[in-house]
Amino acid sequence: MFLFSKVYEKWTWERISRHVLYWCGWWGFYALVNTNSYSDGSYADWLLVELFVLPVKLTITYFVIYYLLPRFSAKRRYFSLLFLTLTLCFLGAMILRTMEICSLHSWLLLSGELCCAWGKAPFFVYKMVYKALDLLFVVSLVAIIKFIQQQIAYERKTKNLLTQKLETELQFLKHQLQPHFLFNTLNNLYGLILTKNQKAGDMVVKLSEIMSYMLYESNETLVPIEDELANLKNYIALEKIRYGDELQVDYRVTGETKDKKIPPLVLISFVENAFKHGPSSNLETSWIRISTEITEKRFLFIVENSLSLPNQGGEGNRSQVNSGIGLNNVRKRLDLIYGSDYGLQISQGETYLIELSINYT
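First, a word on what this report is: a plain description of the structure on this page. None of these values were measured; they are calculated from a predicted model.

## Structural notes on the packing of aromatic side chains
1) Next: In total, this model carries 13 aromatic pairs according to the counting rule given.
2) Next: Here Phe29 and Tyr30 contribute two aromatic rings whose centre-to-centre distance is 5.5 Å and whose plane-to-plane angle is 80°, an arrangement assigned as edge-to-face.
3) Next: Exposure remark for Phe29: the relative accessible area of 43% places this residue in the partly exposed category.
4) Next: Residue Tyr30 is classed as buried on the basis of its relative accessible area of 8%.
5) Next: Aromatic side chains Tyr62 and Tyr66 sit 5.7 Å apart centroid to centroid with 5° between the ring planes, which places their arrangement in the stacked category. Of this pair, Tyr62 and Tyr66 are both found in helix 2 (residues 43–74), four residues apart, which corresponds to roughly one turn of the helix.
6) Next: Among the aromatic residues, those joined into a ring-pair cluster are Tyr22, Trp23, Trp26, Phe29, Tyr30, Tyr62, Tyr66 and Phe137.
7) Next: Cation over ring: Lys57 sits above Tyr30, and NZ or CZ is 3.4 Å from the ring centre.
8) Next: Above the plane of the ring of Trp287 lies Arg289, whose end atom (NZ or CZ) is 3.8 Å from the centre.

Right, here's the structure in full:
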C-alpha cells in the first residue's frame, strides 16, 4: 500500500516502484502539455523529447532531496538550501537549452520548423527563465514531500523516545516505592515477631498478597481500579493488624469501577503516609478516613488523618508529614501520565488532608 507517510530505510522494490510510477506520471504529463502547446510533433514525439529531458530533472531532484536537504534542513539553513536549489535549476535550464540547440533538433522526430526555431534563437532567451522555474517546481514538489516525511519520521522518533523515557521513569519510581514500603512493613513485622504476637502470621499473609500484586500485577502503566483498590484493602487490613481496633479507620468506596484504570501503587502511598504520621501515642484520639468516589468522568480519592501533637511524641508539622520519597514519587508519576488532567491537593491544618482527582477524557 502506498502510504504518503511511509518512510523507507532501504531501496526495496516497493520504494523503487513508487519512484518509477511518480516519474512516469511527470513524463506523460509534460509530453501531453507540449503536444497541446505546439503544433509540431505528435504525442509519441514529445514522449521521446521528454525522455531525453527526464535525466536532467532526475539528477537535480535527487541531488537536492538526498544530499542538500538532509544537510541544510538539519542545521535549519533554509536560505542556503533555497539559493543552491535555484542555482542548480538555472544550470539545469542551461543544460536543457544546450540540448535543444545541439541534440534535439537533429536526433528527434520533430518537424524542421520547430527545430530550426530552437537552433536559431539566442542561447539566453526568456524561455530559460521558464525552464528554470519549471525545474524548480518539479524539485520543490518532491522536496516538500521529502521534508514532510522527514518531519513525520522525526515526530515518530521523538514520540518513541518520550514513551521510552516515560516507561523508564515510571518503572524506576515504582521500584523505588517498593523497597520504601517493604522497609516500613518489615520493621512492623519484626516488632510483632519479637513480642510473639499471633497477628504476625496474618500480617505475613497480607504482605504476601501485596507482594504478589507488586511483582506480577502492577507491571503496566495503568491497571484496573478494582485491582488497585483490592491491594489497598489488603494494606489497610495489614495496618489494622498492627494497630488493632483502637485506631479508628473508616474506608469507603462508592461508584462503579468497571473499565476504569489508574497507575499502580499510587493510592497506597497516600494511605501509607496517613498510617505513618496519623496515629499518635493515644490511639483512641487518632483516626484515618479514606474515601473513594468513582463517576463516569472523574476518580476522586480522599485521605484525611488526625495529626500527632507535640506532647504526644510527634512533631506535628508539615515537614514531618511530607518526609520520605513516597509522595514525591507519586506526584512525578501523575505528572508523567496525566499532565494537566489530574489534581492533587495536600493541605495541613488541624488534620492532614490529601485529595486526588483524575479526569477521564
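Next, the rest of the story.
## A few points about the pairing of strand 4 (residues 287–294)
1) Next: Inspection of the sheet shows strand 2 (residues 248–255) paired to strand 4 by eight bridges, in the parallel sense. Note on strand 4: the bridge partner recorded for Thr254 is Glu293.
2) Next: Here strand 4 pairs with strand 5 (residues 298–306) via seven bridges, running antiparallel. In the sheet register, Ile290 faces strand 5, and the bridge partner there is Val303.
3) Next: Where strand 4 folds back onto strand 5 in an antiparallel hairpin, the turn is made up of three residues.

## A word on the environment of Leu135
1) Next: Following the sequence through the fold, Leu135 ends up in helix 5 (residues 126–194).
2) Next: The buried category is assigned to Leu135, whose relative accessible area is 1%.
3) Next: It is 7.5 Å that separates the C-alpha atoms of Leu135 and Gly92, two residues lying 43 residues apart in sequence.

## A few points about unusual backbone geometry
1) Next: A positive phi angle, near 65°, is found at Asp259, a position not held by glycine.
2) Next: In this structure, Asp259 sits in the loop between strand 2 and strand 3 (261–262).
3) Next: Look at Leu265: it is not a glycine, yet its phi comes out positive at around 60°.
4) Next: Mapped onto the secondary structure, Leu265 falls in the loop between strand 3 and helix 8 (267–277).
5) Next: The class for Leu265 is buried, based on a relative accessible area of 0%.

## A closer look at the nonpolar core
1) Next: In terms of nonpolar packing, the biggest core is built from 46 residues, with Leu267, Phe270, Val271, Phe275, Phe301 and Leu356 touching the most fellow members.
2) Next: The element best represented in this core is helix 7 (residues 225–243), accounting for seven residues.
3) Next: The contact partners of Phe270, leaving out residues within four places of it in the chain, are Phe301, Val303, Leu327, Val330, Leu344, Ile354 and Leu356.
4) Next: Of all hydrophobic cores here, the second largest spans 17 residues; its members include Val53, Ile60, Leu81 and Met99.

## Topic: the sheet that holds strand 4
1) Next: On the basis of which strands lie adjacent, the open sheet formed by five strands has the order 2-4-5-7-6 and mixed pairing. Single-partner strands in this sheet number two, and they are strand 2 and strand 6 (342–348). Shown here is a sheet whose adjacent strand axes are inclined to one another by a mean of 5°, direction ignored.
2) Next: One ladder, built from nine bridges, connects strand 5 with strand 7 (residues 351–359); its direction is antiparallel. Considered in strand 7, the bridge of Leu300 is made with Ser357.
3) Next: This element, helix 7, spans strand 2, strand 4 and strand 5 of the sheet and lies at about 170° to strand 2.
4) Next: With respect to the sheet, helix 8 is in contact with strand 2, strand 4, strand 5, strand 6 and strand 7, its orientation differing from that of strand 5 by roughly 10°.

Cut-offs used in this document
Going along each chain's sequence as written, the residues are numbered from 1 onward. A pLDDT threshold of at least 70 governs which residues receive local features in this predicted model, and a stricter bar of 80 or more applies before side-chain atom pairs are shown or counted, although totals over entire chains, interfaces and linings include all residues. As a rule here, side-chain values cover all heavy atoms of the structure and leave hydrogens and water aside. By convention, a stacked pair of Phe, Tyr or Trp rings (six-membered ring in the case of Trp) has centres within 6.5 Å and planes under 30 degrees apart, an edge-to-face pair has planes over 60 apart, and any other such pair is tilted. Any residue under 20% of the maximum accessible area for its type is buried, any over 50% is exposed, and the rest in between are partly exposed; the area is computed with a 1.4 Å probe on protein chains only. Secondary structure is summarised from DSSP: a helix means a run of H or I of at least four residues, a strand means a run of E of at least two, and numbering begins at the N terminus for each. For a lysine, the NZ atom is tested; for an arginine, the CZ atom; a charge sits over a ring if that atom is within 6 Å of the ring centre and within 35 degrees of the ring normal. The pairing criterion for strands is at least two bridges between them, as found by DSSP. Think of a nonpolar core as a cluster: buried Ala, Val, Leu, Ile, Met, Phe, Trp, Tyr and Cys residues, connected wherever their side-chain atoms sit within 4.5 Å. Contacts: residue pairs with any heavy atoms within 4.5 Å of one another. Where helices are involved, their axes are fitted lines through C-alpha atoms of the stretch in contact, as for all axes, and angles between N-to-C directions lie from 0 to 180°.

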